[in-house]
Amino acid sequence: MFPTLMIRYHEGAITMAGEQLKGGRGRLMRTLATGIVTGQQKIEVGRMKGLPAR
């Protein structure tokens, strides 16, 4: 259950970061949003989806 809830948590952050990338103008915030999308989508969520089901 923990990985399932954490995946939802990270997906929420990815969604918010995506909104910032669509409409945000601040350079620092766009850089942060890009890092969130890259780190959480490709690394964290991928890692958790790879965990064996128990």
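Fair warning: this is a prediction, and the values are worked out from it, not measured in the lab. (Residues numbered from 1 in each chain as written. Predicted model: local features only at pLDDT ≥ 70, side-chain atom pairs only at ≥ 80, totals over all residues. Heavy atoms only, no water.)

S.K.: Provide a residue-level description of the packing of helix α1 (residues 2-23) against helix α2 (residues 27-49), including the pertinent values.
M.R.: It is at 9 Å that the axes of α1 and α2 come closest, and there the two elements cross at 155°. Comparing the axis directions of α1 and α2 gives the class roughly antiparallel. The handedness of the crossing between α1 and α2 comes out as left-handed. On the side of α1, the interface is formed by Pro3, Met6, Ile7, His10, Glu11, Ala13, Ile14, Ala17, Gly18, Gln20 and Leu21, while α2 contributes Met29, Arg30, Ala33, Thr34, Ile36, Val37, Gln40, Gln41, Glu44, Val45, Met48 and Lys49. Looking at the contact of α1 with α2 residue by residue, the classes come out as 13 nonpolar, six polar and four charged. (Axes fitted to C-alpha atoms, helices over the stretch in contact; angles between N-to-C directions. Helix = DSSP H or I, 4+ residues; strand = E, 2+ residues; numbered from the N terminus. Parallel < 35°, antiparallel > 145°, perpendicular 65-115°, else oblique. Left-handed = near helix turned anticlockwise from the far one by under 90°. Contact = heavy atoms within 4.5 Å. Nonpolar A, V, L, I, M, F, W, Y, C, P; charged D, E, K, R; others polar.)

S.K.: Mind laying out the side chain of histidine 10, listing which residues take part and the relevant values?
M.R.: Mapped onto the secondary structure, histidine 10 falls in helix α1. Judged by relative accessible area, which is 8%, histidine 10 ranks as buried. Look past the residues within four positions of histidine 10 in its chain and what remains in contact with it is Gln40, Glu44, Val45 and Met48. (Buried < 20%, exposed > 50% of the residue type's maximum accessible area, 1.4 Å probe, protein only.)

S.K.: Explain α2 to me, using residue names and the numbers behind them.
M.R.: With 23 residues, α2 extends 31 Å between its outermost C-alpha atoms, agreeing within 8% with the 33 Å of an ideal straight helix rising 1.5 Å per residue. Taken as a whole, α2 carries its principal kink of about 35° at glutamine 40. Looking only at α2, the buried set comprises Ala33, Val37, Gln40, Val45 and Met48. For α2, the secondary structure elements touched by its buried residues are α1. (Expected span 1.5 Å × (residues − 1). Bend = angle between axes of the 7 residues up to and from the residue.)

S.K.: Break down the pattern of salt bridges for me, with residues and values.
M.R.: For the structure shown, the criterion picks out two salt bridges. Among the ionic pairs, glutamate 19 bridges to lysine 22, the shortest N-O distance being 3.5 Å. Pair noted here: glutamate 19 and lysine 22 are both in helix α1, with a separation of three residues, about one helical turn. Ionic pairing is found between arginine 47 and glutamate 44, a salt bridge with its closest N-O pair at 3.6 Å. Of the two residues, arginine 47 and glutamate 44 are both situated in helix α2; the distance of three residues between them amounts to about one turn of the helix. (Salt bridge = Lys/Arg side-chain N within 4 Å of Asp/Glu carboxyl O.)

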